[in-house]
Amino acid sequence: MRPGTRIVRYAAVCAAALLLCTGLTTTASADGATAARNPLADRLDAYWTRARMAAALPADTVKGSKPGAPAAGASPAVDGPRPGEYIPPSRSFDGIPQAGTFFWTDAGGTGRTCSGSVVHSPGHDLVLSAGHCLKGYAGTAPARHLAFVPQYHDARKPFGIFPVRTDGVYVPQQYYDLGEHAGAGYDFAFAATEPNQDGTRLEDAVGGVRLLTGTGYYHAPVRMIGYPAGAEQPLECWSWTTRWDSDDPADPGTFPRIACDAFVGGTSGGPMLVPWPGGWAVIGVIGGYHTGGNTPQISYSAYFGAATADLYAAAVTGAPPAGPRLTAGS
């Protein structure tokens, strides 16, 4: 039996077992308090119509943009599948409550989208994504209809829409300073949200996944989820992560690497999940090396280490977010 087949079969067993535990991670708050409606969420719900959500373009225009078949005799040290490498299939599904997609409008008014996942936090309000998705919204940048929709599928918002707070986007300062290529090792971000239309906090509505840092590069099984732009449903794929040492001087560092088919634009920021007691834990997001990979078959993540833990601490304490440094004459 091929190693990939064993992983997929084990993954199916894990998925069945975790379905029995979903109540531990998706139960709403039971404090009995009646929350006030959030008028900003109401306005964003009205703005993000079915047509606008369907028309939103990926923020990550490079991800999966190149053909995935390796050239004959190609060196394994390339961004893409190795010759003869098994690529686990992906499938469309209705999603899970803890994963979803961001919607916003860019400076020209075009709708954009990127994936994310809800992580446990004291404020019950935090979403994890890729830095290259959200870097334009840190500091005092205008929100431009920025919101998160958990378990978005078939143009539905099953848990409502959650506005991102003003000054609520956290991207590492190193990512701003170095840029998306030299700073590929810092390609992660957090967004602090406001309650939805009914005044319910994000994690109270959908639960959350555990953020893991410093756990190494090798994980199995790994369940990767992402939202291709324009698709009615997200994708999921069961695979495993290994270590990738960059061979591109423009994108230096070491990165978790995962083989999964059909992950294209819009899937950036999507979580790489591992089974965890009571639910899931996240060990990476699609991003990092070549902003997540140039081919649909191979994806990467920035390594989650001390810098990720530091950024999470800044987000949960409400510290001022980083942003582009002012230059002379600006």
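Remember, it's a predicted structure, so these values are computed and weren't measured experimentally.

A. Broad picture of helix α8 (residues 306-317). Over its 12 residues, α8 extends 17 Å from the first C-alpha to the last, a length consistent with the 16 Å expected when each residue adds 1.5 Å. All of the buried residues along α8 are Thr308, Leu311 and Ala315. Down the axis of α8, the buried side of the element spans an arc of 65 degrees, and every buried residue falls inside it. Turned more than 90 degrees from where α8 packs its buried face, Ala306, Asp310 and Thr317 sit exposed. Tucked inside the fold, the buried residues of α8 contact β5 (126-129), β7 (162-170) and β8 (189-193). Remark: Gly318 follows α8 within two positions and exhibits a positive phi of approximately 75 degrees.

B. Geometry of helix α3 (residues 39-47). Turning to α3, its buried residues are Ala41, Leu44 and Tyr47. Along α3, the residues classed as buried sweep out an arc of 120 degrees about the axis, all on the same side. Exposed side chains of α3 directed beyond 90 degrees from the buried face belong to Arg43 and Ala46. Taken together, the buried residues of α3 touch α4 (50-55), β3 (99-105), β6 (147-150) and β7. The N-terminus of α3 is capped by Asn38, whose side-chain oxygen sits 3.1 Å from the backbone nitrogen of Leu40.

C. Representation of the packing of aromatic side chains within the structure. Per the stated rule, a full pass over the model turns up 13 aromatic pairs. With centroids separated by 5.3 Å and ring planes inclined at 35 degrees, the aromatic side chains of Trp48 and Phe103 adopt a geometry described as tilted. One end of the pair, Trp48, is in the loop between α3 and α4; the other, Phe103, is in strand β3, and 55 residues separate them in sequence. You can call Trp48 buried: its relative accessible area is 2%. Put simply, the rings of Tyr47, Trp48, Phe103, Tyr152 and Tyr227 touch in pairs and so form one group of aromatic residues. Above the plane of the ring of Tyr47 lies Arg52, whose end atom (NZ or CZ) is 3.9 Å from the centre. Above the face of the Tyr217 ring, Arg243 is positioned so that its terminal group lies 5.1 Å from the ring centre.

D. Local environment of the pattern of salt bridges. On inspection of all chains with the given rule, the structure shows 12 salt bridges. Residue Asp198 pairs with Arg37 through a salt bridge whose shortest N-O separation is 2.9 Å. Residue Asp198 is located in the loop between β8 and α7 (202-206), and its partner Arg37 is located in the loop between α2 (23-26) and α3; the two are separated by 161 residues in the primary sequence. Each member of the salt-bridge network shares a partner with another, and the members are Arg37, Asp42 and Asp198.

The rules we used
- Residues numbered from 1 in each chain as written.
- Predicted model: local features only at pLDDT ≥ 70, side-chain atom pairs only at ≥ 80, totals over all residues.
- Heavy atoms only, no water.
- Helix = DSSP H or I, 4+ residues; strand = E, 2+ residues; numbered from the N terminus.
- Expected span 1.5 Å × (residues − 1).
- Buried < 20%, exposed > 50% of the residue type's maximum accessible area, 1.4 Å probe, protein only.
- Arc of directions from axis to C-beta.
- Contact = heavy atoms within 4.5 Å.
- Polar contact = N/O pair within 3.5 Å; in protein donor to acceptor, adjacent residues only side chain to side chain.
- Phe/Tyr/Trp six-rings, centres within 6.5 Å; stacked < 30°, edge-to-face > 60°.
- Lys NZ or Arg CZ within 6 Å of the ring centre and 35° of its normal.
- Salt bridge = Lys/Arg side-chain N within 4 Å of Asp/Glu carboxyl O.

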